[in-house]
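# Understanding the architecture of this molecule
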Amino acid sequence: DGGITQSPKYLFRKEGQNVTLSCEQNLNHDAMYWYRQDPGQGLRLIYYSQIVNDFQKGDIAEGYSVSREKKESFPLTVTSAQKNPTAFYLCATLGAGKTEAFFGQGTRLTVV
Amino acid sequence: SQQGEEDPQALSIQEGENATMNCSYKTSINNLQWYRQNSGRGLVHLILIRSNEREKHSGRLRVTLDTSKKSSSLLITASRAADTASYFCATDEGGGNKLTFGTGTQLKVEL
């Protein structure tokens, strides 16, 4: 069963804590992306990776970090430096043909 | 900043009517894609149009692309209540792997 798995679905964080969101894929896609979506808003690109051990900042990378040690995995860490982390986070992959992005079901992060 | 800006931000129509959404973008592209998002879920790909194409159809969807104006439109014909969702355009900004999305149009189709 191919696809993208994001976990957890809901995540609560205390102020000052770092949290890591998981994104795993078995589609064998090289490119992976992290987006942030605020209520009623579009998707804003945080980080993306085109290949293992390489990644680029998106439009809103401050306060976030990523790693790409394996092709299948692209975890996102929301650090304490991110001042307003409450949002819906979406992970996506893009195949070699760049014709279609596939999305996970998202992680809703809430700061308490 | 957002690569794509869509309008209208929200659209409410009656079932059976057509819905048109527009997207404008800023940089050169190889292709433009449209996605649908049901509330609280991931996005689902609808249709792709390449920069050398002007119009494309898929079922009840019709997409146009005007690269001189850096704009695209998505037409959904004979809308159904099940079409209620948010719709986003996405571009491969600069023709590379940076996939950026527009601000989206929230479509509500009423019975």
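The preceding data block contains the structure.
Now for a description of the structure that goes with this document. (Residues numbered from 1 in each chain as written. Chains lettered and ligands numbered in written order. Predicted model: local features only at pLDDT ≥ 70, side-chain atom pairs only at ≥ 80, totals over all residues. Heavy atoms only, no water.)

## A short note on the overall build of chain A
- When you go through chain A residue by residue, the secondary structure sums to zero helices and 11 strands.
- In chain A, the succession of α and β elements from N to C terminus is β-β-β-β-β-β-β-β-β-β-β.
- Relative to the globule expectation of 13 Å for 112 residues, the C-alpha radius of gyration of chain A, 13 Å, shows essentially globular dimensions.
- For chain A, the C-alpha atoms occupy an extent of roughly 40 × 25 × 25 Å along the three principal directions.
- Taking all 112 residues of chain A together, the buried fraction comes to 48%.
- Taking contacts inside chain A between residues at least 6 apart in sequence as the whole, the part at least 24 apart equals 51%.
- Between the averaged position of the 12 positive side-chain charges in chain A and that of its 11 negative side-chain charges there is a distance of 6 Å. (Helix = DSSP H or I, 4+ residues; strand = E, 2+ residues; numbered from the N terminus. Rg over C-alpha atoms; globule rule 2.2 N^0.38 Å. Buried < 20%, exposed > 50% of the residue type's maximum accessible area, 1.4 Å probe, protein only. Contact = heavy atoms within 4.5 Å. Lys, Arg positive; Asp, Glu negative; His and termini not counted. Charge placed at Lys NZ, Arg CZ, Asp CG, Glu CD.)

## Here we look at the pattern of salt bridges
- Scanning the entire structure with this criterion turns up seven salt bridges over all chains.
- Arg 62 of chain B is the partner of Glu 55 of chain B in a salt bridge, and the nearest nitrogen-oxygen pair spans 3.1 Å.
- Owing to a relative accessible area of 40%, Glu 55 of chain B belongs among the partly exposed residues under this scheme.
- The partner of Asp 83 of chain B in a salt bridge is Arg 60 of chain B, with the nearest N and O atoms 2.9 Å apart. Here the residue Asp 83 of chain B occupies a position in the loop between strand E8 (71-76) and strand E9 (85-92), and Arg 60 of chain B occupies one in the loop between strand E6 (55-58) and strand E7 (61-66), the gap between them amounting to 23 residues.
- By relative accessible area, Asp 83 of chain B is classed as buried at 7%.
- Given the relative accessible area of 23%, Arg 60 of chain B is considered partly exposed.
- A cluster of three or more residues bridged by salt bridges with shared partners is formed by Arg 36, Asp 38 and Arg 44 of chain A. (Salt bridge = Lys/Arg side-chain N within 4 Å of Asp/Glu carboxyl O.)

## Digging into the state of the cysteines
- Counted under the stated rule, the structure contains two disulfides over all chains.
- One disulfide in the model links Cys 23 of chain A with Cys 91 of chain A; its S-S distance is 1.9 Å. One quick way to see it: the torsion about the S-S bond of Cys 23 of chain A and Cys 91 of chain A is about -70°, and its sign makes the bridge left-handed. You can see Cys 23 of chain A sitting in strand E3 (residues 19-25) and its partner Cys 91 of chain A sitting in strand E9 (residues 87-94), a full 68 residues away along the chain.
- Assessed through its relative accessible area of 0%, Cys 23 of chain A is described here as buried.
- Relative accessible area serves as the criterion here: at 0%, Cys 91 of chain A is assigned to the buried category.
- Cys 23 of chain B shares a disulfide with Cys 89 of chain B; S-S distance 2.0 Å. (Disulfide = S-S within 2.5 Å.)

## Some remarks on the layout of surface pockets
- A volume near 510 Å³ is recorded for the largest pocket.
- As for the largest pocket, its lining consists of 26 residues, of which Gln 37, Gly 40 and Gln 41 of chain A together with Ser 86 and Gln 106 of chain B are closest to the centre.
- Only E9 and strand E11 (107-111) of chain A together with E9 and strand E11 (105-110) of chain B provide two or more residues apiece to the lining of the largest pocket.
- Of the residues contributing to the lining of the largest pocket, the split by class is seven nonpolar, 17 polar and two charged. (1 Å grid on protein atoms, 1.4 Å probe; cavity = no way out; pocket = protein on both sides within 12 Å on 5 of 7 lines; lining within 4 Å. Points joined across faces, edges and corners; volume = space filled by probe spheres on them. Nonpolar A, V, L, I, M, F, W, Y, C, P; charged D, E, K, R; others polar.)

## Focus: the environment of Ala 10 of chain B
- Counting through the fold element by element, Ala 10 of chain B comes out in strand E2 (residues 10-14).
- The spacing of Ala 10 of chain B and Ser 51 of chain B is 41 residues in sequence and 27 Å in space, taken between C-alpha atoms.

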